[in-house]
Amino acid sequence: MYKYLLCWRYLRTRYIALASIISVTLGVATMIVVNSVMAGFADKMRDRLHGVLADIIVESGSFEGFFNYEEVMARIKDVGGDDVLAMAPTMETPGIMRFKIGADSRTHPVQIIGVHPMDRARTGDFAEHLFDQEGKQIPPSFEVSEELKARSPAGQRLRELQQEEPDPFMDATRQYLEKQQDEQVPTHGAIVGYAIATYHMGQGKEDIYLAGMGSKISLAFPKHGKVPEPGFDAFTVVGYFKSGMSEYDSTHVYVPLEQLQRARNLIREDGKGAVNQIQIKIREGADLDGLADRLQLGLERLAPMQFRVWTWEQKQGPLLAAVAIEQSILNILLFFIIAVAGFGILAIFSMIVVEKTRDIGIMKALGASTSGVRNIFLGYGLLLGIVGSGVGMVGGLLFVHYINEIEKVLSVILKHKVFDDSIYYFDRIPTLVETHTVVAIVIGALVIAVGASIWPARRAARMHPVKALRFE
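Structural notes, computed from the coordinates. (Residues numbered from 1 in each chain as written. Predicted model: local features only at pLDDT ≥ 70, side-chain atom pairs only at ≥ 80, totals over all residues. Heavy atoms only, no water.)

## With respect to the overall build of the chain
Using the following cut-off: Think of it this way: any DSSP run of H or I at least four residues long counts as a helix, any run of E at least two long counts as a strand, and we number them from the N terminus. For every residue, the accessible area obtained with a 1.4 Å probe (protein chains only) is divided by the maximum for its type, and the residue is called buried under 20%, exposed over 50%, and partly exposed between those limits. In this description, contact between two residues means that some pair of their heavy atoms is separated by no more than 4.5 Å. To measure how exposed things are, a 1.4 Å probe is used in the Shrake-Rupley method; for residues, cover is taken only from the protein chains shown.
Helix and strand content of the chain: 20 helices and 12 strands. Of all 472 residues assigned to the chain, the portion counted as buried reaches 46%. Sequence separation of at least 24 residues holds for 78% of the intrachain contacts in the chain that already meet a minimum separation of 6. In the form shown here, the chain has an accessible surface area of approximately 24900 Å², with 58% of it arising from carbon and sulfur atoms.

So this is what it looks like as structure tokens:
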């Protein structure tokens, strides 16, 4: 019992131990906050990446793609069986997008993706990222509606002429305006990345649309041929792709698959067009890596060295690995804070051993065992660790829970946005508290606190009562 009483007494009366407790508290709280925010960003990023990409992607080894994609899809279905739920043939090519802003124009490097919108929606969360200019979700379609045609200058003039009496002059005017409308509003629609078509003001202000619904955009891309030549085509903006990932929202432009094939000279005389990707939706719970390996072998038998099969994680491996490495480095750096607290405990306990040499000698003379004296200091270190890590855990979890409210207060005090939503397109700081991470941090803090007290405890336990009292 005396061991516990002494530990409690030292904890209450030794205010120098407060420094160690604060160090442990700050270390534990900081690690919990940083890990929760990093895990939140990683989880949000993984969800959005997976939503944009299908579970498995089959890519052509050639930029021009392959024409027998129906045969390839049949082979995929044979190998995958019931694990394959949906497939979408895709043509992807780099290009340049150009559109007018008033009297000026703007060009932007883009990734042009030809798809069947309904097929693409069945292979992922494509449909969930499609919005109109008012922020309302729209169905996956490239249809250019009459409403969009009427927004053009020629369309507005045609609407005004509807009330006029028919006569030869009016008929000729209408025919001319209809041709103008076709030039101003191309027949084929395009879904444009949100970040390309808008200017993000930030600071809670609404975004400015540079390429509004019904706007005409021009796309330039390489055409198929022995000597690459530039190809051009015009489309009408019918919606926006907004995934929240700047990498995609600032580059992706979706267009009808057949139109892109035709513009790139990738349609044969029999009417079949080429694709260079097949997006595949897999049954939930299936082994993606194992299925990808089987598909790779199956497609090798069909056409050696022509296809490359990726899972969505392999496709974005460098990006996901970079986040994991950053989190690991931060954990190592922040763990030094707790390590500093451990050295503080070591120094404090060493001072206590020197200061309490006489008391230790008296206790051993009165019958205290070696293990009993050792356990006093080990128990004291454990108690410091429990108090410090406990307070740090509670403080860290509270900080994570109210982190967005804290961010708003700090933004007012510092007079600038601490979390700039213009960078991430998140309206809130994402967080994810992982129980196993919190437990590991707390246990690590306890181990350091106890480990730092081992050497002073052994030194005190080895003291001989006669030698300890010799000079008293």
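## Considering unusual backbone geometry
At Asn 265, a residue that is not glycine, the phi angle is positive and equals roughly 60 degrees. Here Asn 265 is to be found in the loop between helix H10 (257-263) and strand E11 (277-282). Note on Asn 265: relative accessible area 41%, which makes it partly exposed.

## What about the packing of aromatic side chains?
Just so we agree on the cut-off: Aromatic rings from Phe, Tyr and Trp, taking only the six-membered ring of Trp, are treated as a pair when their centres fall within 6.5 Å; an angle between ring planes under 30 degrees marks them as stacked, one over 60 as edge-to-face, and anything in between as tilted. Two conditions define a charge located above a ring, namely a distance within 6 Å from the ring centre to NZ of Lys or CZ of Arg, and an angle within 35 degrees of the ring normal.
According to the stated counting rule, one finds six aromatic pairs in the structure shown. Seen in terms of ring centroids, Phe 66 and Phe 307 are 4.9 Å apart; in terms of plane orientation they differ by 85 degrees. Their pairing is edge-to-face. Of this pair, Phe 66 sits in the loop between strand E1 (56-60) and helix H3 (69-80) while Phe 307 sits in strand E12 (residues 307-311); the two residues are 241 residues apart in sequence, bridging distant segments of the chain. Residue placement shows Lys 242 over the ring face of Tyr 194; its charged tip is 4.4 Å from the ring centre.

## Description of the pattern of salt bridges
Spelled out, the test is: A carboxyl oxygen of Asp or Glu within 4 Å of a side-chain nitrogen of Lys or Arg is what we treat as a salt bridge.
Applying the stated criterion across every chain yields a total of five salt bridges. The closest approach of N and O atoms between Lys 136 and Glu 134, which form a salt bridge, is 3.5 Å. Take Lys 136: its relative accessible area is 51%, and that puts it in the exposed class. Among the ionic pairs, Arg 268 bridges to Asp 270, the shortest N-O distance being 3.0 Å.

## Here's the deal with a negative patch on the surface
Selection rule: A residue counts toward a patch only above 30% relative accessible area and without a salt bridge, and it is joined to like-charged neighbours within 9 Å or, for Val, Leu, Ile, Met, Phe, Trp and Tyr, to nonpolar neighbours within 5 Å. The convention is simple: Lys and Arg are positive, Asp and Glu are negative, and His and the chain ends are not counted. Think of each charge as sitting on NZ of Lys, CZ of Arg, CG of Asp or CD of Glu.
Together, Asp 43, Asp 47, Asp 125 and Glu 128 give the surface a local cluster of negative charge. Residue position: Asp 47 is located in helix H2 (residues 17-52).

## Comments concerning the nonpolar core
Put simply, the rule reads: Residues belong to a common nonpolar core when they are buried Ala, Val, Leu, Ile, Met, Phe, Trp, Tyr or Cys residues joined through side-chain atoms within 4.5 Å.
Membership of the largest hydrophobic core comes to 73 residues, with the highest contact counts inside it found for Ile 76, Val 253, Ile 278 and Ile 280. If we skip the residues at most four places from it in the chain, Ile 280 touches Ala 54, Asp 55, Ile 56, Val 58, Ile 76, Val 84, Ala 86, Met 87 and Leu 295.

## A few points about helix H11 (residues 288-302)
Inclusion rule: Here the expected span of a helix is defined as 1.5 Å times the quantity of residues minus one. In protein, a polar contact requires one atom able to donate a hydrogen and another able to accept it; more generally it is a pair of N or O atoms within 3.5 Å, and residues adjacent in sequence count only if both atoms are side-chain atoms.
With 15 residues, H11 extends 21 Å between its outermost C-alpha atoms, agreeing within 8% with the 21 Å of an ideal straight helix rising 1.5 Å per residue. For H11, the set of buried residues is Leu 288, Gly 290, Leu 291, Ala 292, Leu 295, Gln 296, Gly 298 and Leu 299. Looking at the buried positions of H11, the neighbouring elements they touch are E1, H3, E11, E12 and helix H12 (312-315). Near the N-terminus of H11, the side chain that reaches the backbone nitrogen of Asp 289, with its oxygen 3.4 Å away, is that of Asp 287.

Without other data, these values stay purely geometric and don't point to any function.
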